[in-house]
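Residue-level structure breakdown
Listed below are the residues making up each chain.
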Amino acid sequence: MRYRYPKLNTEMPDRADVLRLTPSAALPPLAEHMASCNLPSYLDRSDAQQRLCSWGLDGTCCRRCLWGPCRVTDSNPGICGAGPAQVVMGNHLRMVAAAAAAHGSHARARLEAILAITEGREAGPLRGMDRARWLAERVDVPLSSGGAERSDLDVARDVALVLYDDLSKARPGPMRLLHACAPPERVETWRELDVLPTSTMAEVFESLHRTTLGTDSDWRNTALQELRLAVAFFWGAVAPASFASEILYGRPSPTSGEVGFGMLARGSGVKLAVHGHLPVAAEALLAAAEEPEMLAEAEAAGADGFDFYGICCSGQELLARHGVPSVTGILGQEFALATGALDALVVDLQCVLPAIMPVAREKGTIVVTTHDSNRLEGAVHMPAEPGTLPQAARKILGLACDAHRRRVGTVTCVPSVTAPARGGFDDETILEAFGGAGELLALLRRGDITGLATLVSCNTPKVPFERSNVVLAKELLRRGVLITTTGCAAHALLDAGLTADAARELCAPRLRAALERAGLPPVIPVGACVDNTRTMFLWLRLAEAAGTSLSALPLFYVGAEPGNEKALGMGMAFLAHGVNVLSGFPIPVPVPSAEQVPGGAADDMRRVANPVADFFSGETVSIVGARIMVEPAPELAAGAIHMDFRRKRWALGW
Ligand code: XCC
């Protein structure tokens, strides 16, 4: 590996390393193709940024007021007097606040889509009334009135308003979904720590407040605010976003098909990819694409209907509900455009890189933005507002047809790389497949399943493309670990064929037999990032069946390739629930690392830490029952997870 960062005890790949080490057979030819078109990719931009700033990597660069920026060490505090612990902690809290704002905005947009239907501004239907009624029972929304059953629209509206309140209320008071669904043991833990939140927005607001110049200078208190925010992150933003999507579009259902860049060569329709996180526009596009007028427009453009593809989390949503083939995750987006196969790329919210625009221009692909929060210079903006969704969708399809007409004869470069895949699972389908929580617990107790891990979060240029997720998943399957996955980690595992039944042969024999009996794939995709909710609820059901807490069970949250701030926030949320967290790369998350002894041999390392590092890697065990570990080498990370599972199993007498 080209770039060594001894202080972080890690290395980062250069372009050649990535192309040599990635498990993706599609990336090398696509990277070559981009180079031949004189189009730089993230591989080139990452090389150009090396060596990365060590203050930034440490989290010890303070830019939170106008006196600095200050580069803070123990012996050289910031101008205000802040030491490294305070700066690391405050910076981290701000990243998690940004993450909560992202998932919170996402939740708000979905709740608004529900309210637009219940208030008659948008035509329905609401395809997931079973979820709305399930939630209504839990958050005390009445299902009947005066002896008569209340209408779907009334129930859905009241549920959406409760979730909206949990997301946004400013005055202190309990968050209703949290108190309805979090285990009593957790609520008590949070109450004792005094970290029960008000709402996601209130805690984001307070987190930004506390990290202004001369405000919270006690890093331990800032750390507690981060736990408070993490609880609100999950119950006020992540879970409501996932549930709201189910109310709108229904629960996912198991699908099978093929995925990967090679799918872009299939079909002879107008080709559109959807990208982002909020499939409101994407769902409207799928519906409009069935209309006879739109099919006629495609035919007039010389195409046979419309072919849809998915990128990032909107891709996971469409895979889960419609079996739309996913193409790639965040790091693959410019390569997907570089294939030249796409007529249109329709983006909604988050993880849309500005780097796609020059590639789209070169290939004649039209890029359409659908939300004001997420504009791109040079793209066509077509707002996906409630009330105008079908019209906007028809216009976007029309633009895609125009692009198709213009692009006839465009040279394409689509590597013929696809993988068989399954998707569309959730906590309910997984439990049903195993025969219920009791049966799944019995498998875990007997050791047929050694533990459960969820492989989630993004991709990062700091490791070879998709390698950490793929290697780690294979290592965990070999050790008998039951894996769920979401987001861009899921894209990597889908591309590697690990969600196909055939990959069960990689599993430990007893896990393999259990999966075969259940008819489940070795790695189980459960949707987009916000659908980590499904893994959380699966694990909560298991803990309930075992009569214990999440922290007592062999469970691990694994972000092997963290990239977005949202990945930090999600890790913190699982940590607050008592689940150990493994980060596959030293992010400015405060955990101990190693540095070279000055004047010593190349491998002469010593531990470096600060009080915040010790807090999150050890002390949190005594307050929330879990900790954060960092291990960049996926083979070693799998070993560390396995050891932790063995300790947990011994403690349970299993
Ligand atoms: Fe974005 Fe969700 Fe991360 Fe991928 S995994 S880079 S957040 S698309 Ni959630």
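To start, this report covers the structure provided alongside it. (Residues numbered from 1 in each chain as written. Predicted model: local features only at pLDDT ≥ 70, side-chain atom pairs only at ≥ 80, totals over all residues. Heavy atoms only, no water.)

Each helix and strand in the chain was counted, giving 26 helices and 22 strands. Taken over C-alpha atoms, the radius of gyration comes to 24 Å for the chain, in line with the 26 Å a tight globule of 654 residues would show. Each of the three principal axes of the chain carries a C-alpha extent, and together these read 70 × 70 × 60 Å. Across the 654 residues in the chain, those meeting the buried criterion constitute 61%. Within the chain, counting contacts between residues at least 6 apart in sequence, those at least 24 apart form 74% of the total. About 23700 Å² of surface is accessible on the chain, with carbon and sulfur atoms providing 51% of the total. Computed over 62 positive and 72 negative side-chain charges, the inter-centroid distance for the chain is 3 Å. (Helix = DSSP H or I, 4+ residues; strand = E, 2+ residues; numbered from the N terminus. Rg over C-alpha atoms; globule rule 2.2 N^0.38 Å. Buried < 20%, exposed > 50% of the residue type's maximum accessible area, 1.4 Å probe, protein only. Contact = heavy atoms within 4.5 Å. Areas by Shrake-Rupley, 256 points an atom, 1.4 Å probe, with all protein chains shown as cover. Lys, Arg positive; Asp, Glu negative; His and termini not counted. Charge placed at Lys NZ, Arg CZ, Asp CG, Glu CD.)

This part takes up the site of the ligand. Every residue close to the ligand is listed here: His277, Cys312, Cys313, Ile330, Cys351, Ser457, Cys458, Cys488, Cys529, Asn564 and Lys566. Mapping the ligand onto the cavity grids shows that it belongs to the largest cavity. Classifying every residue of the shell around the ligand gives 7 nonpolar, 3 polar and 1 charged. (Near = heavy atom within 4 Å. 1 Å grid on protein atoms, 1.4 Å probe; cavity = no way out; pocket = protein on both sides within 12 Å on 5 of 7 lines; lining within 4 Å. Sits in = over half its atoms within 2 Å of the grid points. Nonpolar A, V, L, I, M, F, W, Y, C, P; charged D, E, K, R; others polar.)

For the rest of this paragraph, the subject is empty space enclosed by the protein. Applying the stated criterion to the full structure yields 2 cavities of 30 Å³ or more. Of the voids in this model, the largest cavity is the one considered here, and its volume is about 140 Å³. Along the walls of the largest cavity sit 17 residues, with Ser457, Cys458, Cys529, Lys566 and Ala567 positioned nearest its centre. At the level of elements, helix 21 (487-495) and helix 24 (565-576) are the ones that each hand at least two residues to the lining of the largest cavity. Looking at which element gives the most residues to the lining of the largest cavity, the answer is helix 24, with 3 residues. Grouping the constituent residues of the lining of the largest cavity by class yields 9 nonpolar, 7 polar and 1 charged. Two domains share the lining of the largest cavity, each providing at least three of its residues, namely domain 3 (261-406) and domain 4 (424-652). (Points joined across faces, edges and corners; volume = space filled by probe spheres on them. Domains from an automatic or database assignment.)

Turning our eyes to something else, we now look at the packing of aromatic side chains. In the structure shown here, the tally under the stated rule is 11 aromatic pairs. When the ring of Trp219 is compared with that of Phe615, the centres are 5.7 Å apart and the planes differ by 80°; the resulting orientation is edge-to-face. Placement of the pair is Trp219 in helix 11 (residues 219-249) and Phe615 in helix 25 (residues 611-624), with a sequence separation of 396 residues. For Trp219, a relative accessible area of 14% corresponds to the buried category. Look at Phe615 and you get buried, because its relative accessible area is 4%. (Phe/Tyr/Trp six-rings, centres within 6.5 Å; stacked < 30°, edge-to-face > 60°.)

Further remarks concern the packing of helix 18 (residues 427-434) against helix 23 (residues 532-546). One way to put it is that helix 18 packs onto helix 23 with a least axis distance of 8 Å and a crossing angle of 40°. The angle between the axes of helix 18 and helix 23 places the two elements in the oblique class. Contacts between helix 18 and helix 23 involve Asp427, Glu428, Ile430 and Leu431 from the first element and Arg534, Phe537, Leu538 and Arg541 from the second. Across the contact of helix 18 with helix 23, the residue classes tally to 4 nonpolar, no polar and 4 charged. (Axes fitted to C-alpha atoms, helices over the stretch in contact; angles between N-to-C directions. Parallel < 35°, antiparallel > 145°, perpendicular 65-115°, else oblique.)

Turning next to the nonpolar core. One finds Trp235, Leu272, Phe306 and Phe434 to be the most contacted residues of the largest nonpolar core, which totals 163 residues. In terms of residue count, the dominant contributor to this core is helix 11 (18 residues). In this structure Leu272 touches Phe306, Asp307, Phe308, Tyr309, Leu342, Ala344, Val346, Ile396, Leu397 and Ala400, once residues within four positions along its chain are discounted. Membership of the second largest hydrophobic core comes to 37 residues, among which are Ala31, Met34, Phe261 and Met357. (Core = buried A, V, L, I, M, F, W, Y, C linked by side-chain atoms within 4.5 Å.)

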